[in-house]
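Breakdown of the fold
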Amino acid sequence: MSDNSLLMIISCFFAAAAAALLSSSCHGDCLSPQFYDGSCPRALEIVKSVVAKAVFEDPRMAASLLRLHFHDCFVQGCDASMLLDKSGGMRSEKISNPNRNSARGYEVIDEIKEAVERECPRTVSCADILALAARDSVVLAGGPYWEVPLGRRDSRSSSLSGSNHNIPAPTDTFDTILAKFNLQGLGLLDLVALSGSHTIGSARCATFRQRLYNQTGTGQPDPALDESYAAGLRKRCPESGEGDGNLFHLDFFSPATFDNSYFINLLVHTGLLRSDQILAEDEAALRLVEAYAESGEVFFRQFAMSMVKMGNISVLSGSMGEVRRNCRKINH
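Residues numbered from 1 in each chain as written. Predicted model: local features only at pLDDT ≥ 70, side-chain atom pairs only at ≥ 80, totals over all residues. Heavy atoms only, no water.

Side note on the packing of aromatic side chains
Two aromatic rings, taken as a pair, are described by how far apart their centres are and by the angle between their planes. This structure, assessed with the given rule, holds 14 aromatic pairs. Here the aromatic rings of Phe208 and Phe248 are separated by 5.1 Å at their centres, their planes lie at 90°, and the arrangement is edge-to-face. Taken together, the residues Phe208 in the loop between β1 (202-204) and α9 (209-213) and Phe248 in strand β2 (residues 247-249) connect sequence positions 40 residues apart. Side by side, Phe208 and Phe248 carry an identical accessibility label, which is buried. Through pairs of rings, three or more aromatic residues link up here, namely Trp146, Phe258, Tyr262, Phe263, Tyr292, Phe299, Phe300 and Phe303. Above the ring of Tyr106, the side-chain terminus of Lys94 is found at 4.4 Å from the ring centroid. Cation over ring: Arg234 sits above Tyr213, and NZ or CZ is 5.9 Å from the ring centre. (Phe/Tyr/Trp six-rings, centres within 6.5 Å; stacked < 30°, edge-to-face > 60°. Helix = DSSP H or I, 4+ residues; strand = E, 2+ residues; numbered from the N terminus. Buried < 20%, exposed > 50% of the residue type's maximum accessible area, 1.4 Å probe, protein only. Lys NZ or Arg CZ within 6 Å of the ring centre and 35° of its normal.)

Next comes the structure, spelled out in structure tokens:
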């Protein structure tokens, strides 16, 4: 791809993204990065401190906290509904297929909440904590910084059905994944950029085993997967069904660093999940993959923009919802 072609593609996509970002609006009062400047001026510092300690103790936690924010926003909007435990007739999103035995980091959010409650009771929402923890995790892993608009409030309900149906799955087709993003007001540009979060984190053997042995029921491995890479994966992910919980880096090249190597991997057919590799099989998505593989700066810029856009999905603000005292249960 020539430099001129690359610049033209990037410029067109950025123009569309900027227009969409400017046209997005909150439900109720709009969010602002300065929302807690008067009511809890140390809130951001507290979140950053707890996240830094958690990531230092367990580097995997950066990806886990980022994932919590994603999975929350794709169900009822960014309202901390996924943090709610089962209560009465309300079922928890934590037991959904995308989250059960997979989502983690709840204890870190609890620790953050306890700390900010001591500093300024009933002020900082769990939804805002999730958004800040995701940003801080990316930065700690070497990724971009962005100002997080704040002022979200917490929901009083959860949606197990929404969690099971709205969150993209590793086995979804490209059209299905794009439709799930479109449902949230996100487009192709956001889909490809936000998929880049898989530059950190891990996946279990069970989520991609089919690619190694029986893609789409053919009895053959996925032809889109580099064979030498697949051979290495088979050593710890056998066809027998053993090793379901064995973890594999989503980005084998630089698994602990938030960079653009995820996109480089897709171009050489070493994307771990089928839902990752298919980005290089759609013509429009492939142009973005190539652009981000060529320029980490371009990827960082769009990732930050798309995170802000995602963080604004169907937020509760103003007098809507509540500020939970405990992120695991609604106030009584």
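Considerations on the side chain of Ser195
On the secondary structure map, Ser195 appears in helix α8 (residues 188-195). Residue Ser195 is classed as buried on the basis of its relative accessible area, which comes to 13%. Apart from the residues within four sequence positions on either side, Ser195 is in contact with Asp190, Tyr262 and Leu279. (Contact = heavy atoms within 4.5 Å.)

Digging into the domain arrangement of the protein
Along its sequence, the protein is organised into domain 1 (42-166) and domain 2 (174-310). A C-alpha centroid distance of 23 Å is found between domain 1 and domain 2. With 21 residues of domain 1 at the contact, the number on the domain 2 side is 21 residues. For the pair domain 1 and domain 2, the summed buried area comes to about 1800 Å², and 74% of that belongs to carbon and sulfur atoms. Of all residues in domain 1, Phe70, Phe74 and Trp146 give up the largest surface area on contact with domain 2, accounting jointly for 30% of the area buried on that side. On the surface where domain 1 and domain 2 come into contact, there are zero salt bridges. (Domains from an automatic or database assignment. Buried area = accessible area lost by both parts, 1.4 Å probe. Salt bridge = Lys/Arg side-chain N within 4 Å of Asp/Glu carboxyl O.)

Re the side chain of Asp190
By the element assignment, Asp190 lies in helix α8. A relative accessible area of 3% places Asp190 in the buried class. At 3.0 Å, the side chain of Asp190 forms a polar contact with the side chain of Lys309. In contact with Asp190, not counting residues within four places along its chain, are Phe181, Ser195, Gln302, Ser306 and Lys309. (Polar contact = N/O pair within 3.5 Å; in protein donor to acceptor, adjacent residues only side chain to side chain.)

Here's the deal with the pattern of salt bridges
Under the defined criterion, the tally for this structure stands at 18 salt bridges. With a shortest N-O distance of 2.9 Å, Glu119 and Arg42 are connected by a salt bridge. Here Glu119 is found in helix α4 (residues 106-119), whereas its partner Arg42 is found in the loop between α1 (3-23) and α2 (43-57), with 77 residues between them in sequence. Note that Asp190 is salt-bridged to Lys309, the shortest N-O span being 3.0 Å. You can see Asp190 sitting in helix α8 and its partner Lys309 sitting in helix α14 (residues 296-310), a full 119 residues away along the chain. Here the salt bridges do not stand alone but share partners, grouping Asp85, Lys94, Asp110 and Arg328 into one network.

Overview of the UniProt feature "binding site: Ca(2+) 1" (unreviewed entry) in the protein
Mapped onto the present numbering, the UniProt feature "binding site: Ca(2+) 1" (unreviewed entry) falls at Asp72, Val75, Gly77, Asp79, Ser81 and Glu93. Spanning 22 residues, the named residues nonetheless gather at one spot, since no C-alpha pair among them exceeds 13.1 Å. Among the secondary structure elements, Asp72 is positioned in helix α3 (residues 61-73). Inspection of the secondary structure puts Val75 in the loop between α3 and α4. Beyond its immediate sequence surroundings of up to four residues, Val75 is in contact with Ser81, Glu93, Ser159, Gly162, Ser163 and Ile167. (UniProt positions renumbered as here; feature names shortened; annotations may be inferred.)

A look at the nonpolar core
Leu83, Ile109, Ile112, Phe263, Tyr292, Met307 and Met310 are the most contacted members of the largest nonpolar core, which totals 80 residues. At nine residues, helix α5 (residues 126-140) tops the list of elements feeding residues into this core. Summarising the domain contributions, this core has at least three residues from each of domain 1 (42-166) and domain 2 (174-310). With sequence-adjacent residues up to four places away left out, Leu83 is seen in contact with Lys94, Tyr106, Ile109, Cys126, Leu130, Arg324, Cys327 and Arg328. The next biggest cluster of nonpolar side chains, apart from the first, holds 14 residues, and it includes Ala203, Tyr213, Leu272 and Leu273. (Core = buried A, V, L, I, M, F, W, Y, C linked by side-chain atoms within 4.5 Å.)

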